[in-house]
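Per-entry structural report
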Amino acid sequence: MGKTYERIDGRLRTFIEEQPLFFTATAPLSGDGTINLSPKGLKGSFAVLDEHTVAYLDFAGSNAETIAHLRENGRITLMWCAFQGPPTIVRVHGRGEPVFRDDPRFEDLLTRFPDIDPVSHGLRAIIVVRAGLIRDTCGYAVPFMAYEADRDLHGRRFAREDDASLNEYFTRKEHVATSLDGLPGLPLPLPPSTARPLRRPPAAAP
């Protein structure tokens, strides 16, 4: 049977922070609008901000459906599945907002993601979600699958872009500035990025 939680802490927090993959679901207010479901990965791009708030980095891509839906109505559901270990599904239903580069909160929020290089992935925004309902359910029908590693294709693709070329890329894409249903999506042109490349310690001498 499913259980409702008052906060994201303890075992629940450990579970969602350990998952290499989660999903986001949003929809427009229009009854015949396009429902969106997106997978999210890349280690280090998700963070629990406090017991009721989570956030993830929104990187360069061909669409901006989540951003458009959040700008219109704020509704979002995040879901994590256990592909190893005990069968578990966790959902956080809440209200979300995209925090863009020119938002005064952006730079401070970015410090909550110290283990990923935002520059190499074309960071567009930080999605902040305030939980309204937190529940888990059994995942008896979810198959066992093994995590091997993150793909490096996204970083390799967008590491060569700067703000000017990112703007050109987003402008060329049909559903970045507007959603599939014509809602306002990513504001363009992008404000200058305050992100800095991740500084990794030098490799130890052999």
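A brief look at the structure comes next. (Residues numbered from 1 in each chain as written. Predicted model: local features only at pLDDT ≥ 70, side-chain atom pairs only at ≥ 80, totals over all residues. Heavy atoms only, no water.)

A short note on the overall build of the protein chain
Secondary structure summary: the protein chain contains five helices and eight strands in total. Taken from N to C terminus, the helices and strands of the protein chain fall in the order β-α-β-β-β-β-α-β-β-α-β-α-α. Relative to the globule expectation of 17 Å for 206 residues, the C-alpha radius of gyration of the protein chain, 18 Å, shows essentially globular dimensions. Along the three orthogonal principal directions, the C-alpha set of the protein chain runs to about 60 × 50 × 30 Å. Burial statistics for the protein chain: of 206 residues in total, 45% are counted as buried. (Helix = DSSP H or I, 4+ residues; strand = E, 2+ residues; numbered from the N terminus. Rg over C-alpha atoms; globule rule 2.2 N^0.38 Å. Buried < 20%, exposed > 50% of the residue type's maximum accessible area, 1.4 Å probe, protein only.)

A closer look at the packing of aromatic side chains
In the structure shown here, the tally under the stated rule is six aromatic pairs. A network of ring pairs unites the aromatic residues F22, F46, Y56 and W80 as a single cluster. Positioned above the aromatic ring of F158 is the side chain of R157, whose terminal nitrogen or guanidinium carbon lies 4.6 Å from the ring centre. (Phe/Tyr/Trp six-rings, centres within 6.5 Å; stacked < 30°, edge-to-face > 60°. Lys NZ or Arg CZ within 6 Å of the ring centre and 35° of its normal.)

Some remarks on the pattern of salt bridges
Within this structure, the stated rule accounts for 10 salt bridges. We note a salt bridge from D103 to R105, for which the minimum N-O separation is 2.9 Å. A relative accessible area of 39% places R105 in the partly exposed class. The network of salt bridges with common partners includes E6, R7 and E51. (Salt bridge = Lys/Arg side-chain N within 4 Å of Asp/Glu carboxyl O.)

Section: unusual backbone geometry
Cis geometry is found at the peptide bond from L188 to P189, where omega equals 0 degrees. By the element assignment, P189 lies in the segment after α5 (163-172). Although it is not a glycine, L42 adopts a positive phi angle of roughly 70 degrees. Tracing the sequence through the fold places L42 in the loop between β3 (36-40) and β4 (46-50).

Some remarks on helix α1 (residues 10-18)
Owing to its 3.6 residues per turn, the α-helix aligns residues three or four sequence positions apart on the same side. Taken residue by residue, α1 has L12, F15 and I16 as its buried positions. An end-on view of α1 places all buried positions within 90 degrees of arc, on one side of the element. Taken together, the buried residues of α1 touch β1 (3-5), β4, β6 (75-81), β7 (88-100) and β8 (123-138). (Arc of directions from axis to C-beta. Contact = heavy atoms within 4.5 Å.)

All we've got here are geometric facts, nothing functional implied.
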